[in-house]
Amino acid sequence: STGTVTDIDGNYTLEVPDGTTALVFSYTGFESQEVALGSSNVLDVVMVSGVTLEDIVVVGYGEQSTRFQVQSVSQVSTEKLANRPLIGPQELLQGQAAGVQMVSNGGILGANSTVRIRGASSINAGGDPLYVVDGVPLNDGSYSGGQGGASLNPIQDINPNDIESISVLKDAAAAAIYGSRGSNGVILITTKKGKAGVNRVNADFYTGWSEPTYTLDMMNADEFRTYEREYNGRNFPDTGFDWPGAVLQTGRINSYNLNFSGGSDVTQYYLGGSFLQQSSYAIGNELERLNGRMNFKHTFSDKFRFGANVGISRANNNRIGGENNTFAPLTSSYLQLPTVPAYDDNGNFTQTGFIRNVIAIEALSVNDLITDRVTSNAYLQFDLMEGLTLKTDWGIDNIMTTETSRYPDIVSTGGTASNIIRRDNKWLTSNTINFDRQFGSHAINAVAGFSLESSQYDYTAVAGSNFAADALRNVGSAATPTTTINTRSAWALSSQFFRANYRLKDKYILEGAVRRDGSSRFGANNRYGIFWAASGGWVVSEEAFMQNVSFIDNLKLTASYGTTGNDRIGNFASLGLYGSGVR
């Protein structure tokens, strides 16, 4: 029970009880050594490299060695994530995992990217993969509307610097363990943890700029007047304004990151924070994001462990209209005639009609989206016996968005304002028992468990029009209330699951998985579904006839079949609903 941990250079001190005759030196990946104590109070030891550790990949409710894996799983490792100036975690997938396509939805900051794993899997249900962070499946609804109303990026609130690895479950055999939510694939994100004996402080900063990759070459006012006069016989006033040039700028980005990690054999920690500032190449679009993360693990005894992972964030997004919208700066600048001025002779903004004066929108309007999010889980882990571990895990994903808009009279006659608050609070628990033992040439790894998950969504919106003055900003100052809405929705999921992997002589592998989901989103007669998968593999490189083939490190043949489901159909879709309203 007496021990110590060296510093990063290997130095250590230790007070030993009387009668101690030897010390044991051990470290992961090295052979343990027992060294006898002599008369000297200085003892130097050189560790000898031990058995090479297998590469480990995170899968649903556990980990597996890549050497004996029979599912189709791609892993983006720590090495691939390092030293990359990224805005969001989805960019980590770009070009890093076979069969995964990531396409940005326009240039609006904070907008969701379209991620497809092995193509589209549904015509009228949702097509996005399920994101799971440290065992917590994330909320992924649409929490914004109006201008820039692209759906919210479900993982934009995660700092890429806090990510240890990303696993992509691609085939049905891998995703069947997530049952009714696995059809679009599953992306498992593991955040960084502290390591015993390695105390580190890491700080980094990067800056950059952005410009549009392509812009249309438009006529200026003189060229347009000449063209119209010579070819169409129409005359236009001798006014002009460079609309495309006025809405473009050099976008900037600044990212600040600081984290601390380390610990002892008993307690490990990771504490990180980041601040991101970003402006787009189009005027009016800015994003600020503040992240904080604390991961903690404590070992009470050889059999009992506790851990917690907590992530908090706030993102403030000053938005613009999406492409093909008259509120979008670049779209309107191309549609607007170059002879239409943005300002009158007195320097005031002009009313430009259906094609909006986007310069006035940027200067005078408010179009903000603030996102606050807390994602966390805590777990207890207990070793019942050798190879048998019980784990209970509790988690939450609480998200609130506040969407505020205010358009002055010159943009919308009389002026309009709205305020929309969305809350989506999820809680879940999963309880599993893991078995991992080897008996001679036989090895068995199995996990069984059940989970409960519930989420409640609240929506409150107020809006009004006709303001006495543009200086009156709040909806309560509107002469004409136009919207008063308050709604609530909820869903729940109850699941039981099991997966077993059998390995013979490290050559022949069989694996099966089954999950039973009960979802409130489906009708009473179709509320429960059973999803299963079967896989097999042959590690050819372990055969005797392959031992002299030096250029092949690992050759494996696998086959699998499985079933998955898609619950992205909305709440209460099976019911006939009614609503109330006032005219």
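A short tour of the structure in this document, coming up. (Residues numbered from 1 in each chain as written. Predicted model: local features only at pLDDT ≥ 70, side-chain atom pairs only at ≥ 80, totals over all residues. Heavy atoms only, no water.)

What the chain contains, in helices and strands, is 6 helices and 24 strands. Seen along its three principal axes, the alpha-carbon backbone of the chain occupies a region of about 100 × 65 × 50 Å. Burial statistics for the chain: of 583 residues in total, 42% are counted as buried. Sequence-distant contacts, at least 24 apart, represent 65% of the contacts inside the chain between residues at least 6 apart. Carbon and sulfur atoms provide 53% of the accessible area of the chain, an area that totals close to 30,400 Å². Within the chain, the 56 negative side-chain charges are centred at a point lying 8 Å from the centre of the 43 positive side-chain charges. (Helix = DSSP H or I, 4+ residues; strand = E, 2+ residues; numbered from the N terminus. Buried < 20%, exposed > 50% of the residue type's maximum accessible area, 1.4 Å probe, protein only. Contact = heavy atoms within 4.5 Å. Areas by Shrake-Rupley, 256 points an atom, 1.4 Å probe, with all protein chains shown as cover. Lys, Arg positive; Asp, Glu negative; His and termini not counted. Charge placed at Lys NZ, Arg CZ, Asp CG, Glu CD.)

Strand order in the open sheet made by the 5 strands is β5-β10-β11-β8-β9, with mixed pairing throughout. Of all the strands in the sheet, just β5 (73-76) and β9 (136-137) have a single pairing partner and so form its edges. Direction of pairing for β5 relative to strand β10 (residues 163-169): antiparallel, over a ladder of 4 bridges. Counterpart to Val73 in the pairing with β10 is Leu169. (Pairing = 2+ DSSP bridges.)

Counting residues in hydrophobic clusters, the biggest one holds 20 residues, and the most contacted among them are Leu93, Ile166, Val168, Ile187 and Ile189. Elements with a contribution of two residues or more to this core: β6 (100-104), β7 (113-117), β8 (130-133), β10 and β11 (186-191). Here the element with the most residues in this core is β10; it accounts for 3 residues. Residues within four places of Val168 in sequence aside, it is in contact with Ser72, Val73, Ser74, Leu93, Ala97, Val100, Ile117, Val186 and Ile187. Ranked by size, the runner-up nonpolar core spans 14 residues in total, among them Val58, Leu169, Ala175 and Val186. (Core = buried A, V, L, I, M, F, W, Y, C linked by side-chain atoms within 4.5 Å.)

Per the stated rule, a full pass over the model turns up 17 aromatic pairs. Measuring from centroid to centroid gives 5.6 Å for Trp532 and Tyr561, while their planes differ by 40 degrees, and the two rings are tilted. Here Trp532 is found in strand β23 (residues 528-539), whereas its partner Tyr561 is found in strand β24 (residues 556-562), with 29 residues between them in sequence. The class of Trp532 is partly exposed, set by a relative accessible area of 38%. Chaining the aromatic ring pairs together yields one cluster made of Phe241, Trp243, Tyr343 and Phe349. Here the guanidinium or amino end of Arg406 rests over the ring plane of Phe467, the centre of that ring lying 3.8 Å away. (Phe/Tyr/Trp six-rings, centres within 6.5 Å; stacked < 30°, edge-to-face > 60°. Lys NZ or Arg CZ within 6 Å of the ring centre and 35° of its normal.)

Within the fold, Arg515 resides in strand β22 (residues 508-519). There is a polar contact of 3.2 Å between the side chain of Arg515 and the side chain of Tyr61. Within polar-contact distance, the side chain of Arg515 engages the backbone oxygen of Ile177 at 2.7 Å. (Polar contact = N/O pair within 3.5 Å; in protein donor to acceptor, adjacent residues only side chain to side chain.)

Following the criterion strictly, the structure yields 22 salt bridges and no others. Here Asp134 makes a salt bridge to Lys193, at a shortest N to O gap of 3.4 Å. In this pair, Asp134 sits in the loop between β8 and β9 while Lys193 sits in the loop between β11 and β12 (200-210), placing the two residues 59 residues apart along the sequence. Here Asp134 falls in the buried class, since its relative accessible area comes to 13%. (Salt bridge = Lys/Arg side-chain N within 4 Å of Asp/Glu carboxyl O.)

Moving on to the pairing of β23. Only one face of β23 is covered, namely the one carrying Gly529, Phe531, Ala533, Ser535, Gly537 and Val539; the face carrying Tyr528, Ile530, Trp532, Ala534, Gly536 and Trp538 has none of its residues buried. With 11 bridges joining them, β22 and β23 adopt antiparallel strand pairing. Bridging from a neighbouring strand, Gly512 pairs with Ala534 of β23. Pairing of β23 with β24 involves 7 bridges; the strand directions are antiparallel. Within the sheet, the bridge partner assigned to Trp538 lies in β24 and is Leu557.

On to helix α3 (residues 221-232), then. In this model, α3 (12 residues) spans 16 Å end to end at C-alpha, consistent with the 16 Å of a helix rising 1.5 Å per residue. Among the residues of α3, Ala221, Phe224, Arg225 and Glu228 are the ones counted as buried. Relative to the axis of α3, the buried residues are bounded by an arc of 100 degrees and lie together on one face. Away from the buried face of α3 by more than 90 degrees, exposed residues Asp222, Glu230 and Tyr231 are located. Residue Asn220 occupies the N-cap position of α3, its side-chain oxygen lying 3.2 Å from the main-chain nitrogen of Asp222. Just downstream of α3 lies Gly233, where phi reads positive at about 65 degrees. (Expected span 1.5 Å × (residues − 1). Arc of directions from axis to C-beta.)

Once rolled over the atoms, a probe with the size of a water molecule shows which space is left empty. Enumeration according to the criterion identifies 5 cavities of 30 Å³ or more in this entry. In this structure, the largest cavity occupies an estimated 150 Å³ of space. Contributions of two or more residues to the lining of the largest cavity are made by β15 (286-299), β16 (304-318) and β17 (366-385). Class assignment for the residues of the lining of the largest cavity results in 6 nonpolar, 6 polar and 4 charged. (1 Å grid on protein atoms, 1.4 Å probe; cavity = no way out; pocket = protein on both sides within 12 Å on 5 of 7 lines; lining within 4 Å. Points joined across faces, edges and corners; volume = space filled by probe spheres on them. Nonpolar A, V, L, I, M, F, W, Y, C, P; charged D, E, K, R; others polar.)

By themselves, these are just geometric observations and shouldn't be taken as functional.
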